[in-house]
Amino acid sequence: MTQLSATETDARRAHRDDRSEQTPHDTADGAARRGRDKARPLSRALHWLGLTAAAVVFLYPFVWLLSASVKPSQDVFDNALVPHVWQWRNYSAIWDAVPLLTWVGNSVAVTLAAAVSVTVSSALVAFGFAYFRFPGRNALFAVVIGTMMLPAAVTMVPQYLVWNWLHLASSQVPLWAPNLFGSAFYIFLLRQFFLGLPRELFEAARVDGAGYWALFWRIAVPLCRPALVVTFIFEVQASWTDLVRPLIYLRNPDLYTVPRGLKAVLDQFGAGGEMRWEIVCAASVVVTVPMIIAFLVCQRHFTEGVATTGSKG
């Protein structure tokens, strides 16, 4: 009994020694953990403060434009975000002054045609560069990428001569038809995505008798849908805001797109015109809202496509 008590005493003493040895380490870990817990709210607060500041910086121009669009002419540039006098008839004035609805419809048609054509054509070319193995493939792809280094002004006159020879220089066709031949940037983007797909999928489909079109349409396209969505959205934004080509090709006001129409509004009501900047601001709001709605609708697909494309590339 005495021997057992001595053994229990020794065990308890050893346990206390172990606890005494572990205490400094545990105390240090606990202190570090408490320090991180205290720093976490501060880090979160700084994070939200930075996001709020960035949001204010990016939203301020549009808020200012929205405010200026409902002000009288003499108050447009007073920098007050809340108008002293609300003049909603600016929007009815722009609808009465110019065929804005026609211009919006033209932009929608041209934008959809340009986005669909460049997405399909670029995907086909990119799939060819990614799947097929042929001599000179890398050299040919380098030539395609090299075209990105050419300034747009270099090809502007030759393209106009081609469309003029085809008697289409005064139509909307030159605004979207060049996209039928793909875009070097989108070809590069989609090719990197296609290269990330397992080649075994295509080989198994070939064994089952699938043709090249089936490989592209039934395997590559569904797996690359996020990248295709990114390509489509990028081209929608680029085509909707394009002003250079409409300035070159469009002469009939009934064929104007939104940017070309805004240029006409600026010439009529802005500098050198009637100096009614509230009309210009109202027209700018009307043509900006569709892009905001499109981004809000496609935001999830856009962010998913960018993230997935980055991981695949």
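What counts and what doesn't
- Residues numbered from 1 in each chain as written.
- Predicted model: local features only at pLDDT ≥ 70, side-chain atom pairs only at ≥ 80, totals over all residues.
- Heavy atoms only, no water.
- Helix = DSSP H or I, 4+ residues; strand = E, 2+ residues; numbered from the N terminus.
- Expected span 1.5 Å × (residues − 1).
- Buried < 20%, exposed > 50% of the residue type's maximum accessible area, 1.4 Å probe, protein only.
- Contact = heavy atoms within 4.5 Å.
- Polar contact = N/O pair within 3.5 Å; in protein donor to acceptor, adjacent residues only side chain to side chain.
- Phe/Tyr/Trp six-rings, centres within 6.5 Å; stacked < 30°, edge-to-face > 60°.
- Lys NZ or Arg CZ within 6 Å of the ring centre and 35° of its normal.
- Axes fitted to C-alpha atoms, helices over the stretch in contact; angles between N-to-C directions.
- Parallel < 35°, antiparallel > 145°, perpendicular 65-115°, else oblique.
- Nonpolar A, V, L, I, M, F, W, Y, C, P; charged D, E, K, R; others polar.
- pLDDT = per-residue confidence, 0-100.
- Left-handed = near helix turned anticlockwise from the far one by under 90°.
- Core = buried A, V, L, I, M, F, W, Y, C linked by side-chain atoms within 4.5 Å.
- Arc of directions from axis to C-beta.
- Salt bridge = Lys/Arg side-chain N within 4 Å of Asp/Glu carboxyl O.
- Patch = residues over 30% accessible without salt bridge, like charges linked within 9 Å, V, L, I, M, F, W, Y side chains within 5 Å.
- Areas by Shrake-Rupley, 256 points an atom, 1.4 Å probe, with all protein chains shown as cover.

Asks: Describe in detail helix α10 (residues 225-240), supporting the description with residues and values.
Replies: Helix length check: α10 (16 residues) gives 22 Å between terminal C-alpha atoms against 22 Å at 1.5 Å per residue, within 8%. Along α10, the residues classified as buried are Pro226, Ala227, Leu228, Val230, Thr231, Ile233, Glu235, Val236, Ser239 and Trp240.

Asks: An account of the environment of Trp240 is requested, with residue identities and associated values reported.
Replies: Here Trp240 is to be found in helix α10. Discounting chain neighbours no more than four positions away, the residues touching Trp240 are Val104, Ser107, Val108, Thr111, Val258, Pro259, Val287, Pro290 and Met291. There is a polar contact of 3.2 Å between the side chain of Trp240 and the backbone oxygen of Val287.

Asks: Could you give me a rundown of the packing of aromatic side chains, with the residues and numbers involved?
Replies: Taken as a whole and assessed by the stated rule, the structure comprises 18 aromatic pairs. Ring centres 5.7 Å apart and planes at 45° place the aromatic pair Trp213 and Phe216 in the tilted group. Residue Trp213 and its partner Phe216 are both found in helix α9 (residues 212-223); the two are separated by 3 residues, about one turn of the helix. The structure contains a cluster of three or more aromatic residues connected by ring pairs, namely Phe127, Tyr131, Phe132, Phe194, Phe202, Tyr212, Trp213, Phe216 and Trp217. Its guanidinium or amino end placed over the ring of Tyr131, Arg199 lies 4.6 Å from that ring's centre, counting from NZ or CZ.

Asks: Residue-level account of the packing of helix α3 (residues 100-131) against α9, with values.
Replies: Packed helix pairs are specified by the crossing angle of their axes together with the interaxial distance, meaning the distance between the axes. Packing of α3 against α9 leaves a shortest axis separation of 11 Å and a crossing angle of 105°. When the axes of α3 and α9 are compared, the pair comes out roughly perpendicular. Where α3 approaches α9, its residues Ala123, Leu124, Phe127 and Tyr131 are matched on the opposing element by Tyr212, Trp213, Leu215, Phe216 and Ala220. Here the residues of the contact of α3 with α9 sort into 9 nonpolar, no polar and no charged.

Asks: So, the confidence of the model for the chain: which residues are in play, and what are the values?
Replies: Taken over all residues, the pLDDT of the chain has a mean of 83, while the share at 70 or more is 82%. When the elements of the chain are averaged for pLDDT, helix α1 (residues 2-68) gives the smallest value, 68, and helix α6 (residues 173-176) the largest, 95.

Asks: Describe the packing of helix α7 (residues 184-195) against α10, listing the residues and the values that go with them.
Replies: Viewed as axis vectors pointing N to C, α7 and α10 meet at an angle of 165°, and their least axial separation amounts to 10 Å. By the angle between their axes, α7 is roughly antiparallel relative to α10. The element α7 and its partner α10 pack so that their crossing is right-handed. Of the residues in α10, those in contact with Phe185, Tyr186, Leu189, Leu190 and Phe193 of α7 are Ala227, Leu228, Val230, Thr231, Phe234 and Glu235.

Asks: Describe in detail the nonpolar core, supporting the description with residues and values.
Replies: Ranked by size, the top nonpolar core spans 31 residues in total, and within it Tyr91, Ile94, Val98, Leu100, Trp103, Val265 and Cys281 carry the most contacts. When residues in this core are grouped by element, the largest group, 8 residues, is from helix α13 (residues 277-312). Setting aside chain neighbours within four positions, we find Tyr91 in contact with Leu66, Ser69, Val70, Ala282, Val285 and Val286.

Asks: Describe helix α4 (residues 137-146), with residues and values.
Replies: Note that an α-helix has 3.6 residues per turn; residues three or four places apart therefore point the same way. Where α4 is concerned, the buried positions are Arg137, Phe141 and Val144. Buried residues of α4, seen end-on, are gathered within an arc of 55° and therefore sit on one face of the element. Contact partners of the buried residues in α4: α3 and α7.

Asks: Any chance you could break down unusual backbone geometry for me, citing the residues and the numbers?
Replies: What you tend to see is this: most non-glycine residues have negative phi, and most peptide bonds are trans. Of note, the phi angle at Asn79 is positive, near 65°, even though the residue is not glycine. Topologically, Asn79 is positioned in the loop between α1 and α2 (89-97).

Asks: An account of the pattern of salt bridges is needed here, citing residue identities and associated values.
Replies: Tallied over the full model, the rule gives 4 salt bridges. Salt-bridge contacts for Asp267 lead to Lys263; the nearest nitrogen and oxygen are separated by 3.0 Å. Placement of both Asp267 and Lys263 in helix α12 (residues 258-269) is noted, with a separation of 4 residues, approximately one turn of the helix. Of the residues examined, Asp267 reaches a relative accessible area of 39% and is grouped as partly exposed. Here Lys263 falls in the partly exposed class, since its relative accessible area comes to 28%. We note a salt bridge from Glu278 to Arg276, for which the minimum N-O separation is 3.4 Å. On the basis of relative accessibility, which here comes to 31%, the residue Arg276 falls in the partly exposed class.

Asks: Explain the environment of Leu201 to me, and be specific about the residues and the numbers.
Replies: Assignment of secondary structure puts Leu201 in helix α8 (residues 199-207). Expressed as a C-alpha distance, the spacing of Leu201 and Ile219, which sit 18 residues apart in the sequence, is 7.8 Å. Among all residues touching Leu201, those that are not within four sequence positions of it are Ile219 and Leu223.

Asks: Give a detailed account of a nonpolar patch on the surface, specifying residues and quantitative values.
Replies: A surface patch of nonpolar side chains, amounting to about 740 Å² of accessible area, comprises Leu59, Tyr60, Val63, Leu81, Val82, Trp86 and Trp88. Trp86 sits in the partly exposed class, given a relative accessible area of 48%.

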